[in-house]
Amino acid sequence: MNLQAEPERSAFLEWAGSLGTQAFWSAVHFLGSGAGFLSCVGPCAGASEMAAEKPSEVRTAAMEENKENLTDGGLSLEILQIIKDSQQQHGLRHGDYQRYRGYCSRRLRRLRKTLGFRMGNRHKFTGKKVTVEMVSDNRYLLLVVMEAERAWSYAMQLKQEANTEPRKRFHLMARLRKAAKHGEHLEKLCESQRVDAKTKLEAQAYTAYLTGMVQFELQEWKAAMEAFNKCKTIYEKLASAFTEEQAVLYHQRVEEISPNIRYCAYNIGDQNAINDLMQMRLSAGGGGGMMAEKLETLITQTRAKQAATMSEVEWRGRSVPVKIDKARIFLLGLADNEAAIAQAANEDTKERLYETLLAECRDTIQAVREELRTDVKQRERAAEGAESGKASNLQYLHSYLTYIKLWTVVRRNESMARALQAKLKEPQTDENKRGPRPQDLIRLYDIILQSLAELSTLQGLEEDHAFQKEVALKTLVYKAYRCFFIAQSYVLVKKWSEALVLYERVLKYAREVQSKAKNLNNSLMDLPDVQDLIAEVNAEKYSLQAAAILDKEDVAEAPVQQQVKDNMPLSDRLDTFRLDTSLVGKQPNLVQFPPDFQPIPCKPLFFDLALNHVAFPPLDDKVEQKGKGGLTGYIKGIFGFGS
């Protein structure tokens, strides 16, 4: 035992006891010989208790909070990096702003406790602000950043809730202004000479972003656009000053801000901004996330402004007034959605856009259906119109929206079928992985035929003979394709006769389509070409016949011993030679046990059949004849005289 170390150890323990737990660990962190001190006090119970009291979360947070070091140029804080990491790890990946706000509150409490920057005590609150003179550690700047993030996340949470509770919008604006105020405070603190240039620029960009969000919610489009442009310019300059790996984060931030800038430009008067927003949505690809949600929201808001000028829509020669705002917004964006689907780069993006269009269409149909249900007068007119054979305007609008939904389902399934057909023709490399099969395509064409059957029953189009003929022609085309893939599935299981019959049915449907399509050429523009189907069916028929002939030859050439039943015992096939490895195994199949019952002769039964043919001798002379005594004989019999 080192006796000289005892006074030093006692003095150190007395000093550590006067500090709090958090202050003790902070002091150890900044001491250059912290390991020596810990080894000195390691055997002591006091240091062990303090180590046990320190939570793991606080230790981790302390490491994160001190990852920005004091460089030669001054204090440095990677504001955007810290914000993005915190948001992705604590809820914003799934849009959970409440969870992120809770994290900001807990981190603020840890920072204040670490820095000794307490707001009073548990009995009384004493407000304090970080001043320029205090900024000797980057954690003071981080403290202000977390305050701004907490206010911003609360505002975004209230924005989600304000859809159903409009009164919360006032609270939302108050929290956004609070976040912008904290951002301005951060920018003033970073004006200190102790802070490096990069941190100053990031603080200015962050403040401009929060200010732009406030002006955006207030619909001050010009001021919001100026703030967002300032933020975008700073981040672009920062991205150009660093390597590509470091600039990725700044470019992502610029992409997030760009939709807001285009939306502000549209509201100021730029009519091409909506097209730019659509292109941004296409560039987002098949991925979702916050960026895609923001783009959808901005596009919907833009269409809502344009829909104010829309009053009616024309379909199949009939103009229908559109008074429902949701229907106006949907119909206004229908052409843009179809153009976006046509320009989609891959199948995943196209499928996502189809699903978005179908979801919007279902919501619009539901709104029209509710209007039909609640409007009593409209229902009375609909009943009168049904009697007269003409649907009401609202009912006709409902039929039009239903037509859009069903035809979109047909186009989506046809697109998926084309993709599956291309995969079917590709050679399969991985045998363990299940590839596409003809049965998958049959299901898609079943849904298409079901949608076409619903199209033919739309109210208001019963007397439209041209429409009914178009639907019937499309039904024949898709029936032919469905029948073709059913035949393909039979080919896989070697049912040649069934497949051949189905191929003939495909040719029948295709010829019928060609004969009826002469008067309806416009109806085949969006349909697959039946001529290609006829050529493919003819080729498949020849392949099928050849495969059937080869399959019969294989059956005829099979050796006789292969046709012997496997379960036949050796005693029953002694005249047939066959290599049977089971005979030398543990359970050889020699005889059948227990044996089957066999017929055997039974004991004979004798029946006396001659008795019926025997003539017996007469015995009349042997039998005593009774005399006829009359009354006298009767009396004698009574008294026994006759015996």
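Since this is a predicted model, take the numbers as computed values, not measurements.

**Quick look at the overall build of the protein chain**
Now for step 1: A count of helices and strands for the protein chain gives 23 helices and 2 strands.
Now for step 2: Sequence separation of at least 24 residues holds for 67% of the intrachain contacts in the protein chain that already meet a minimum separation of 6.
Now for step 3: When the accessible surface of the protein chain is summed, it comes to about 39700 Å², and 52% of that surface belongs to carbon and sulfur atoms.

**Re the nonpolar core**
Now for step 1: If you look at the biggest cluster of nonpolar residues, it comprises 71 residues, and the most contacted ones within it are Leu-331, Leu-397, Ile-404 and Leu-455.
Now for step 2: Going through the elements one at a time, β1 (312-315), α15 (325-342), α16 (347-374), α18 (393-425), α19 (438-455), α20 (465-492), α21 (496-516) and α22 (530-556) are the ones with two or more residues in this core.
Now for step 3: Of all the elements, α20 adds the most residues to this core, at 13 residues.
Now for step 4: Residue assignment places this core across two domains, with domain 2 (310-378 + 392-424) and domain 3 (457-552) each supplying three or more.
Now for step 5: Val-135, Ala-151, Val-195 and Leu-249 belong to the second-largest nonpolar core, a separate cluster that totals 65 residues.

**A closer look at the packing of helix α8 (residues 138-161) against helix α9 (residues 168-189)**
Now for step 1: Close contact between α8 and α9 brings their axes to 8 Å; oriented N to C, the two are set at 160 degrees. The orientation of α8 with respect to α9, classified from their angle, is roughly antiparallel. Of the two possible hands of crossing, α8 and α9 adopt the one that is left-handed.
Now for step 2: Of the residues assigned to the contact of α8 with α9, the class counts are 15 nonpolar, 4 polar and 6 charged.

**A word on the confidence of the model for the protein chain**
Now for step 1: Scored by pLDDT, the protein chain comes out at a mean of 76, with 72% of its residues at no less than 70.
Now for step 2: Across residues 1-72, where pLDDT falls below 50, the model places 58 contacts with residues more than four positions away in sequence or in other chains.
Now for step 3: This stretch, residues 556-565, has a pLDDT under 50; its non-local contacts, to residues over four places away or in other chains, come to 7 contacts.

**What about the side chain of Ser-489?**
Now for step 1: Within the secondary structure, Ser-489 is located in helix α20.
Now for step 2: Within polar-contact distance, the side chain of Ser-489 engages the backbone oxygen of Ile-486 at 2.5 Å.

**Describing the packing of α19 against α20**
For any two helices packed against each other, one specifies the crossing angle of their axes together with the interaxial distance.
Now for step 1: Close contact between α19 and α20 brings their axes to 9 Å; oriented N to C, the two are set at 160 degrees. Here α19 is positioned roughly antiparallel relative to α20, judged by the angle of their axes. For the pair α19 and α20, the sense of crossing is left-handed.
Now for step 2: Taken together, the residues that form the contact of α19 with α20 break down as 15 nonpolar, 4 polar and 4 charged.

**Overview of the environment of Lys-159**
Now for step 1: Relative to the helices and strands, Lys-159 is located in helix α8.
Now for step 2: As a C-alpha pair, Lys-159 and Met-173 span 14 residues in sequence and 9.3 Å in three-dimensional space.
Now for step 3: Residues in contact with Lys-159, not counting those within four places in the same chain, are Leu-172 and Glu-217.
Now for step 4: Within the structure, the side chain of Lys-159 is placed 2.7 Å from the side chain of Glu-217, a separation counted as a polar contact.

**A closer look at the pattern of salt bridges**
Now for step 1: With the rule as written, the count across this model stands at 16 salt bridges.
Now for step 2: In this structure, Arg-316 and Glu-470 form a salt bridge, with 4.0 Å as the shortest nitrogen-oxygen distance. Of the two residues, Arg-316 sits in the loop between β1 and β2 (318-321) while Glu-470 sits in helix α20, which places them 154 residues apart along the sequence.
Now for step 3: The partner of Glu-504 in a salt bridge is Lys-541, and the shortest N-O contact between them spans 2.6 Å. Of this pair, Glu-504 sits in helix α21 while Lys-541 sits in helix α22, placing them 37 residues apart in sequence.
Now for step 4: Of the residues examined, Glu-504 reaches a relative accessible area of 37% and is grouped as partly exposed.
Now for step 5: Looking at Lys-541, the relative accessible area reads 15%, which means it is buried.
Now for step 6: One continuous salt-bridge network, built from bridges that share partners, spans Lys-84, Arg-253 and Glu-256.

**Focus: the environment of Cys-264**
Now for step 1: Along the chain, Cys-264 falls in helix α12 (residues 244-268).
Now for step 2: For the pair Cys-264 and Glu-226, spaced 38 residues apart in sequence, the C-alpha separation works out to 9.6 Å.
Now for step 3: Those residues in contact with Cys-264, other than ones at most four positions away along the chain, are Phe-216, Trp-221, Ala-224, Met-225 and Phe-228.

**A closer look at the pairing of β1**
Now for step 1: Here β1 shows a buried face lined by Val-313 and Trp-315 and an unburied face lined by Glu-312 and Glu-314.
Now for step 2: Between β1 and β2, which pair antiparallel and follow one another directly, the connecting turn spans 2 residues, one of which, Arg-316, has a positive phi of 55 degrees.

**Overview of the packing of aromatic side chains**
The geometry of an aromatic ring pair is captured by the separation of the ring centres together with the interplanar angle, meaning the angle of the planes.
Now for step 1: Within this structure, the stated rule accounts for 17 aromatic pairs.
Now for step 2: Relative to Tyr-140, the ring of Phe-117 has its centre 6.4 Å away and its plane inclined at 90 degrees; by these criteria the two rings are edge-to-face. In this pair, Phe-117 is assigned in the loop between α7 (97-115) and α8 and Tyr-140 in helix α8, connecting sequence segments 23 residues apart.
Now for step 3: Taking the relative accessible area as the measure of exposure, Phe-117 reaches 4% and is therefore buried.
Now for step 4: Judged by its relative accessible area of 13%, Tyr-140 is buried.
Now for step 5: On the basis of an interplanar angle of 35 degrees and a centroid distance of 5.2 Å, the ring pair of Trp-315 and Tyr-403 is categorised as tilted. Taken together, the positions of Trp-315 in strand β1 and Tyr-403 in helix α18 put the pair 88 residues apart, joining distant regions of the chain.
Now for step 6: You can call Trp-315 buried: its relative accessible area is 10%.
Now for step 7: Here a set of aromatic residues connected by ring pairs shows up, and it is made of Tyr-445, Tyr-478, Tyr-481, Phe-484, Phe-485 and Tyr-503.
Now for step 8: Lys-198 extends its terminal NZ or CZ atom over the ring of Phe-242, reaching a point 4.8 Å from the ring centre.
Now for step 9: Arg-318 extends its terminal NZ or CZ atom over the ring of Tyr-396, reaching a point 4.4 Å from the ring centre.

Reading guide: rules and limits
- Sequence order as written defines the numbering, with residues in each chain counted from 1.
- Local features are withheld for residues below a pLDDT of 70 in this predicted model, meaning they are given only at 70 or higher, and side-chain atom pairs are given and counted only at 80 or more; totals for whole chains, interfaces and linings count all residues.
- Hydrogens and water are ignored here; the side-chain numbers use all heavy atoms of the structure.
- Runs of E in the DSSP output that reach at least two residues are strands. Runs of H or I that reach at least four are helices, and both are numbered from the N terminus.
- Contact between two residues is taken to exist if any of their heavy atoms lie within 4.5 Å; hydrogens are not considered.
- For accessible areas, the Shrake-Rupley method is used with a probe of radius 1.4 Å. Any residue's cover is judged against the shown protein chains and nothing else.
- Residues belong to one nonpolar core when they are buried, are Ala, Val, Leu, Ile, Met, Phe, Trp, Tyr or Cys, and are joined through side-chain atoms within 4.5 Å.
- When accessible area is computed with a 1.4 Å probe and restricted to protein chains, residues below 20% of their type maximum are described as buried, those above 50% as exposed, and intermediate ones as partly exposed.
- An automatic or database domain assignment provides the domain bounds reported here.
- A fitted line through C-alpha atoms serves as each axis, taken over the contacting stretch for helices, and the angle formed by two N-to-C directions is quoted from 0 to 180°.
- We call two directions roughly parallel when the angle between them is under 35 degrees, roughly antiparallel when it is over 145, roughly perpendicular when it lies between 65 and 115, and oblique otherwise.
- Two helices cross in a left-handed way if the nearer one is turned anticlockwise from the farther one by less than a right angle. They cross in a right-handed way if the turn is clockwise.
- Classification convention: Asp, Glu, Lys, Arg as charged; Ala, Val, Leu, Ile, Met, Phe, Trp, Tyr, Cys, Pro as nonpolar; all other residues, Gly among them, as polar.
- In predicted models, pLDDT denotes the confidence assigned by the predictor to each residue on a 0 to 100 scale.
- We define a polar contact as two N or O atoms separated by no more than 3.5 Å, with the added condition that, inside protein, one atom must be a possible hydrogen donor and the other a possible acceptor, whereas residues neighbouring each other in sequence contribute only through side-chain atom pairs.
- Salt bridges are defined by distance alone: a side-chain nitrogen of Lys or Arg within 4 Å of a carboxyl oxygen of Asp or Glu.
- For two strands to pair, DSSP has to find at least two bridges joining them.
- For this analysis, a ring pair means two rings from Phe, Tyr or Trp (six-membered ring only for Trp) whose centres lie within 6.5 Å, classed as stacked if their planes differ by under 30 degrees, edge-to-face if by over 60, and tilted for the remaining angles.
- Here, over-ring charges are defined by two tests on the NZ atom of lysine or the CZ atom of arginine: distance to the ring centre within 6 Å, and angle to the ring normal within 35 degrees.

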